[in-house]
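# Examining the three-dimensional arrangement
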Amino acid sequence: MVAKAVVYVEGPSDQRFMNCLLDDFGLAEDIEVRVIGGGIPALRLVALPIRRAREAGKDVAIILDADENPAEQRAGLERELDALEVEVSSSFLIPNDADAGCLETLLEQSVPSEHRAVMNCFERYKSCLGELTGPYELPLGKAKIYAYCLAVRTPPQPAERDYLNRDYWNLDAPAIKPLKEFLSALAVDSGDADP
C-alpha cells in the first residue's frame, strides 16, 4: 500500500521516533515520514519533493521543533513556505504545537513513571553545574535523553532506540496526545482523498 500522506521532519532522530509512533498508532501504512535535513532554512532542500507529493495528490505536513519561541517558529515556517512558493496541508510544532520545546522535551515527557527518578537526578546534576564558576556548559536535552538511555540500559544512540519498548517509553503519555491527534487527523484527511 502506498502512503497517502507525507510528513517532513527535521532529522533522522525525528524520523525514527515518528515511524515508531505511526507503527504504534496503526498509521504506518497511511503516512510516510521523510527528512528535511535541518530546520526552516533547510526547507529549500525539499521544496521540489513537497511540490511533487502535492501534485501526486498527497497531503503534506511539516513537523518541526518549536524551539524557544513557538510563535516565532511558526511565523518563520510560514514565511519560508511563502518564499519558496510551497504549500503544505498542515504543520505541527513539537512538543505539543503550543509550548516551547523539541523532540527531547517530548521524549522526556514520555519516560514511564518508574524511571522518572533518573530524570530528576539529571536535573540535580544540571543545577549543580549551574552553581559552579568556570567555563562549564549546561547539557542540552539531547544529553539528558542519552544519559537516561545509558542509565536504563537501552541503546542511547537515536538510530538504535526502540520507542515501542514500553519498559522505557510511554507512547500513551498525555504529552504525546496532541501529536497523536495531529497524525490521526492527517491520516483521516488523506484517506478522504480517495475517490
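Look above for the structure.
So, here's what we can say about the structure. (Residues numbered from 1 in each chain as written. Predicted model: local features only at pLDDT ≥ 70, side-chain atom pairs only at ≥ 80, totals over all residues. Heavy atoms only, no water.)

Attention now moves to the pattern of salt bridges. Applying the stated criterion across every chain, the model contains nine salt bridges. With a closest N to O distance of 2.1 Å, Glu123 and Lys144 form a salt bridge. Note that Glu123 is positioned in helix H5 (residues 116-131) and Lys144 in helix H6 (residues 141-151), a separation of 21 residues in sequence. The buried category is assigned to Lys144, whose relative accessible area is 6%. When the shortest N-O distance is used, the salt bridge between Lys177 and Glu181 registers 3.8 Å. (Salt bridge = Lys/Arg side-chain N within 4 Å of Asp/Glu carboxyl O. Helix = DSSP H or I, 4+ residues; strand = E, 2+ residues; numbered from the N terminus. Buried < 20%, exposed > 50% of the residue type's maximum accessible area, 1.4 Å probe, protein only.)

Below, the discussion takes up the side chain of Ser110. One can find Ser110 in the loop between helix H4 (103-109) and H5. On the basis of relative accessibility, which here comes to 1%, the residue Ser110 falls in the buried class. In this view, Ser110 contacts Tyr168, Trp169, Asn170, Ala173 and Ile176; residues no more than four positions away in its chain are not counted. (Contact = heavy atoms within 4.5 Å.)

Moving on, we get to the sheet that holds strand E3 (residues 59-65). Ordered by their spatial adjacency, four strands build an open sheet running E2-E1-E3-E4, and the pairing between neighbours is parallel. Looking at strand neighbours, the two that pair on one side only are strand E2 (31-35) and strand E4 (90-94), the edges of this open sheet. Strand-to-strand twist in this sheet, taken as the mean axis angle between neighbours without regard to direction, amounts to 25°. (Pairing = 2+ DSSP bridges. Axes fitted to C-alpha atoms, helices over the stretch in contact; angles between N-to-C directions.)

This paragraph deals with the side chain of Glu10. Turning to its location among the elements, Glu10 is positioned in the loop between strand E1 (5-9) and helix H1 (12-25). If near-sequence neighbours (up to four positions away) are discounted, Glu10 is found in contact with Val35, Ile36, Gly37, Gly38, Gly39, Ile63, Leu64 and Asp65.

Another aspect to go through is the layout of surface pockets. Taken as a whole, the largest pocket holds about 350 Å³ of empty space. When contributions to the lining of the largest pocket are tallied by element, the ones reaching two or more residues are H4, H5 and H6. A per-class count over the lining of the largest pocket returns five nonpolar, three polar and nine charged. (1 Å grid on protein atoms, 1.4 Å probe; cavity = no way out; pocket = protein on both sides within 12 Å on 5 of 7 lines; lining within 4 Å. Points joined across faces, edges and corners; volume = space filled by probe spheres on them. Nonpolar A, V, L, I, M, F, W, Y, C, P; charged D, E, K, R; others polar.)

Applying the stated criterion to the full structure yields five aromatic pairs. An angle of 90° between the planes, with centres 5.1 Å apart, marks the rings of Phe17 and Tyr163 as edge-to-face. Placement of Phe17 in helix H1 and of Tyr163 in the loop between H6 and helix H7 (177-191) is noted, with a sequence separation of 146 residues between them. Residue classification places Tyr163 among the buried positions, given a relative accessible area of 1%. Chaining the aromatic ring pairs together yields one cluster made of Phe17, Tyr148, Tyr163 and Trp169. (Phe/Tyr/Trp six-rings, centres within 6.5 Å; stacked < 30°, edge-to-face > 60°.)

Shape descriptors only; they carry no functional weight alone.
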